[in-house]
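What follows is the residue order along each chain.
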Amino acid sequence: MKLSVKAKVTLWFTALMGAVSGLALALLLLVSQSVVDSTAMETLSQTVRDSLSQVGEEQGSLSLSGEFSFYRDGVYLLVYSKEEALLAGQLPGFFTGVEEPFQNGLTRGVDTPQGHCYVLDFFVPFGWEDGVWVRGIIPAGGAAQTSRNVMTLGAVALPLLLVLAAAGGYAVARRAFRPLDQMAATASAIQEGSDLSARIPVGKGDNEFTRLAGTFNQMLTRLEGSFQAEEQFASDASHELRTPVSVILGACEYGEKYDETPEERRETLEMIHRQAKKMAKLIGQLLTMTRMEQGTQPLERERVALDGLVRDVTGEPAFAGEHIALELEPVTAEGDSQLLGRVLGNLLENALRYGHREGEAAEVTVKTWGERGDALLSVADKGPGIPEGEREKIWQRFYQVDPSRTGEEGAGLGLSMARQIARLHGGDLTLESGPWGSRFTLKLPRK
Ligand code: ADP
């Protein structure tokens, strides 16, 4: 059977209430019966003892003082002769025909055809020879009546109580579970409408539900953030790819129509080549970044001498003839030399491109050194530096401080990819910048 948690809680609660009140009722019955019983016996004993002084003898026959009463406080009083013949008093209806032997001073229960009663006898002696029995009888009907009352009360009150408990329990459970219902409703609304901007009302206080709602909302915020980033990324990437494609298309159309001399064709081809290279670079970066994100980028864990890596990369034709000073201490890191070479290449390109003042040649210094468990590499320039407000943003994909300065190359992906590579190695890439220039430092675990 499928039951909601609310129904289950209510059911348990009601069952528990039923058990507890049933137990309480039984206890009440037991206690009330014994209280009524002992009260009856107490009254009997008191009344009979009180009456003893009112019984006397006058000239050989029984004499009762004026205070003597045959029925007092529910107790029937009877006086019998020594031979157990009734001398005074009226035998109560329920006791007629009951043979109960006399016992001095002992209160006892006697079952009569019409119910239970208590009996107490005392022998009052007159002189040496003679005397009378005084017998008190009290019906125990009070106790039976009380238990009947309690039973009726229970029979009426218990179901009422259970209905009340069930209704109250369900109301409480419903109230308590309302945030959960809201959460489920919001979640399914998000699921159906795929609107990630919706949030669950958190409610007041600090309890399981508000915490759950808070966590849920945080998760939604993150989800929404990464969704937006994903969309932004896709739109930026297509935008960046469209530009070189349109330039290439334009150049092709123009060249087909108007290029006549080999010189003109060569120029057109060069332009196409540049744009195609830019596209190839961009696609390569996108692919590497996507693979790193998905964890499918193969990562070699080899010994990489950073000083050797710097010599190799700065010796590439792209950096020939540039002012690059080297201050290299031998240090070995663990990592993928190809990826690390791309990081260094990117930092060098940036330093040469952005790290100089108008009209001046770039002065770039590359250092390598070791520091405890870290292998470090820095690329410093003496350019204008990166403004304070931009220092965090340059790590974002496609972010460029001044896109016009980049010219045709680069799309703002270099630094974010470089940092991603550093972190994939268990290291980091950081920036210090000021009016003196900029310094990027790559930190890697030492081998
Ligand atoms: P790209 O070089 O393709 O524009 P990057 O991610 O490599 O993309 O760099 C992002 C931005 O950071 C650059 O556009 C540039 O504005 C800024 N930047 C990077 N390196 C330097 C540097 N050494 N000095 C000043 N600005 C820099």
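Residues numbered from 1 in each chain as written. Predicted model: local features only at pLDDT ≥ 70, side-chain atom pairs only at ≥ 80, totals over all residues. Heavy atoms only, no water.

1. Brief notes about the pattern of salt bridges
Using the criterion set out here, one finds 19 salt bridges in the structure. Its salt-bridge partner being Lys-367, residue Glu-327 comes within 3.8 Å of it at the nearest N-O pair. Within this pair, whereas Glu-327 is found in strand β10 (residues 324–328), its partner Lys-367 is found in strand β12 (residues 364–371), the two being separated by 40 residues in sequence. For Lys-367, a relative accessible area of 35% gives the class partly exposed. Between Arg-423 and Asp-428 there is a salt bridge, with its nearest N and O atoms 3.1 Å apart. In the salt-bridge network here, residues are joined through shared partners; they are Glu-100, Arg-108, Asp-121 and Arg-135. (Salt bridge = Lys/Arg side-chain N within 4 Å of Asp/Glu carboxyl O. Helix = DSSP H or I, 4+ residues; strand = E, 2+ residues; numbered from the N terminus. Buried < 20%, exposed > 50% of the residue type's maximum accessible area, 1.4 Å probe, protein only.)

2. Things to note about the packing of helix α5 (residues 306–314) against helix α6 (residues 337–354)
Contact geometry for α5 and α6: axes closest at 10 Å, N-to-C directions at 60°. With respect to each other, α5 and α6 are oriented oblique. Relative to α6, α5 is oriented so that their crossing is right-handed. Contacts from Leu-309, Val-310, Val-313 and Thr-314 of α5 reach α6 at Ser-337, Leu-340, Gly-341, Leu-344, Gly-345 and Leu-348. (Axes fitted to C-alpha atoms, helices over the stretch in contact; angles between N-to-C directions. Parallel < 35°, antiparallel > 145°, perpendicular 65-115°, else oblique. Left-handed = near helix turned anticlockwise from the far one by under 90°. Contact = heavy atoms within 4.5 Å.)

3. With respect to the pairing of strand β2 (residues 61–64)
In terms of strand pairing, strand β1 (residues 55–58) meets β2 through four bridges, oriented antiparallel. Bridging from a neighbouring strand, Glu-58 pairs with Ser-61 of β2. Following β1, the chain reverses through two residues before pairing antiparallel with β2; Gln-59 in that reversal takes a positive phi of roughly 50°. (Pairing = 2+ DSSP bridges.)

4. Section: the nonpolar core
Leu-306, Leu-348, Val-364, Val-366, Val-379 and Phe-440 are the most contacted members of the largest nonpolar core, which totals 45 residues. Element by element, the count of residues in this core is highest for α6, at eight residues. Leaving out residues up to four positions away in the same chain, Phe-440 has contacts with Leu-347, Leu-377, Ser-378, Val-379, Ile-386, Ile-394, Trp-395, Leu-415, Leu-429, Thr-430 and Leu-431. (Core = buried A, V, L, I, M, F, W, Y, C linked by side-chain atoms within 4.5 Å.)

5. Topic: the environment of Trp-395
Mapped onto the fold, Trp-395 is located in the loop between β13 (374–381) and α7 (403–406). With 36 residues separating them along the chain, Trp-395 and Leu-431 place their C-alpha atoms 9.9 Å apart. Discounting chain neighbours no more than four positions away, the residues touching Trp-395 are Leu-415, Ser-416, Arg-419, Leu-429, Thr-430, Leu-431 and Phe-440.

6. Let's talk about the site of the ligand
Within the structure, the ligand sits among 20 residues, and Asn-350, Asp-381, Gln-400, Gly-412 and Leu-415 are positioned closest to it. Between the ligand and the protein, one listed contact pairs a nitrogen atom with a side-chain N or O atom of Asp-381 at 2.8 Å. At a separation of 2.8 Å, an oxygen atom of the ligand approaches a polar side-chain atom of Gln-400. Breaking the shell around the ligand down by element, the ones donating at least two residues are α6, α8 (414–424) and β15 (437–445). A total of five residues in the shell around the ligand trace back to one element, the largest contributor, which is α6. (Near = heavy atom within 4 Å. Polar contact = N/O pair within 3.5 Å; in protein donor to acceptor, adjacent residues only side chain to side chain.)

7. Focus on the UniProt feature "domain: HAMP" (unreviewed entry) in the protein chain
Annotation from UniProt places "domain: HAMP" (unreviewed entry) at residues 174–228. As annotated, residues 174–228 has a helix share of 75% and a strand share of 0%, and its two end C-alpha atoms lie 37 Å apart. (UniProt positions renumbered as here; feature names shortened; annotations may be inferred.)

8. Considerations on the environment of Leu-339
In this structure, Leu-339 sits in helix α6. Placed 281 residues apart in sequence, Leu-339 and Glu-58 show a C-alpha to C-alpha distance of 134 Å. What Leu-339 contacts, discounting residues up to four positions off in sequence, is Thr-288, Gln-297, Leu-299, Ile-421 and His-425.

9. Observations concerning the sheet that holds β15
Pairing within the open sheet is mixed, and its five strands lie in the order β10-β12-β13-β15-β14. The two strands at the open ends of the sheet, each matched to only one other strand, are β10 and β14 (428–434). Strand-to-strand twist of the sheet, defined as the mean angle between neighbouring strand axes without regard to direction, takes the value 15°. Pairing of β14 with β15 involves seven bridges; the strand directions are antiparallel. Bridge pairing in β15 links Thr-430 to Thr-441. Of the strands in this sheet, β10, β12, β13 and β15 are in contact with α5, which crosses β10 at around 165°. Taken strand by strand, α8 contacts β14 and β15, and its axis lies near 135° from that of β14.

10. Thoughts on the packing of aromatic side chains
Tallied over the full model, the rule gives 11 aromatic pairs. Consider the rings of Tyr-76 and Phe-94, whose centres lie 5.9 Å apart with planes at 70°: the pair is edge-to-face. With Tyr-76 in strand β4 (residues 75–81) and Phe-94 in the loop between β5 (86–88) and β6 (108–112), the pair connects residues that are 18 residues apart, well separated along the chain. Note on Phe-94: relative accessible area 16%, which makes it buried. (Phe/Tyr/Trp six-rings, centres within 6.5 Å; stacked < 30°, edge-to-face > 60°.)

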